[in-house]
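Overview (structure and organization)
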Amino acid sequence: MEGYILIALKSIAVYVFIVAAIRLFGKREFAQLSVVDVVFILLISNSVQTAMVGNDTTLVGGLVAALALFIMNFTIKKVMISNKIFSKVIDGEPILLIYQGALKTAGLKEANLTKEELEAAIREHGVEKMEDVNLAVFEVDGNISVLSENYQKISKRRHGGHRIIGKNTA
């Protein structure tokens, strides 16, 4: 039993470390994952596995680690809902990128974005020029919200559709 408590504590420590690292290094990459980002996530998960469970490769050891991560995630989310200061520390705050057609370079720098990336996001929202944007905000989830005079309800966010495998026999 003592070994499982140690697995749970190690798993919680790894969870806190990963959350802090993501917060420090930015979330821009997690809004739209590239191949490099997916490989990075897979390698991170593989590299911390041993740190969490050590030599215990049993089913129970893995389940204890997973349970500790689920409990920690649930707890963090509950605290974030009830404590706005803690939520801002973990999630951050939206960053103003454009206001009334004027680029906010400090916001661009804070969001770790290039002007070209911002221009691409503006085009994805159906707006041709930066000067036509009333408001562009880098949201806490890593997405960029864009509002303009000729705002149309356009969403370029790609959602995975359902793919049918095999033949439908029903």
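Refer to the structure above for everything that follows.
Figured I'd write up the structure that's included with this text. For clarity, every value in this text was computed on a predicted model and none was experimentally measured.

1. Here we look at the nonpolar core
- If you look at the biggest cluster of nonpolar residues, it comprises 16 residues, and the most contacted ones within it are Leu97, Ile98, Ile122 and Ile144.
- Looking at this core, the elements that each hand over two or more residues are strand 1 (95-99), helix 7 (115-124), strand 3 (133-138) and strand 4 (144-148).
- Formed by nine residues, the second largest nonpolar core is a distinct cluster that contains Ile7, Val14, Met52 and Val64.

2. Some words on the sheet that holds strand 2 (residues 102-103)
- Sheet architecture is open: four strands sit in the order 2-1-3-4, paired in antiparallel fashion. Strands at the two margins of the open sheet, each flanked by one partner only, are strand 2 and strand 4.
- Strands in contact with helix 7 are strand 1, strand 2, strand 3 and strand 4; relative to strand 4, the strand with the most contacts, it is inclined by about 60 degrees.

3. A look at the environment of lysine 88
- Along the chain, the position of lysine 88 falls in helix 5 (residues 84-91).
- Judged by relative accessible area, which is 44%, lysine 88 ranks as partly exposed.
- If we ignore the near neighbours within four places in the chain, the residues touching lysine 88 are Arg23 and Glu93.

Parameters and conventions
Residues numbered from 1 in each chain as written. Predicted model: local features only at pLDDT ≥ 70, side-chain atom pairs only at ≥ 80, totals over all residues. Heavy atoms only, no water. Core = buried A, V, L, I, M, F, W, Y, C linked by side-chain atoms within 4.5 Å. Buried < 20%, exposed > 50% of the residue type's maximum accessible area, 1.4 Å probe, protein only. Helix = DSSP H or I, 4+ residues; strand = E, 2+ residues; numbered from the N terminus. Pairing = 2+ DSSP bridges. Contact = heavy atoms within 4.5 Å. Axes fitted to C-alpha atoms, helices over the stretch in contact; angles between N-to-C directions.

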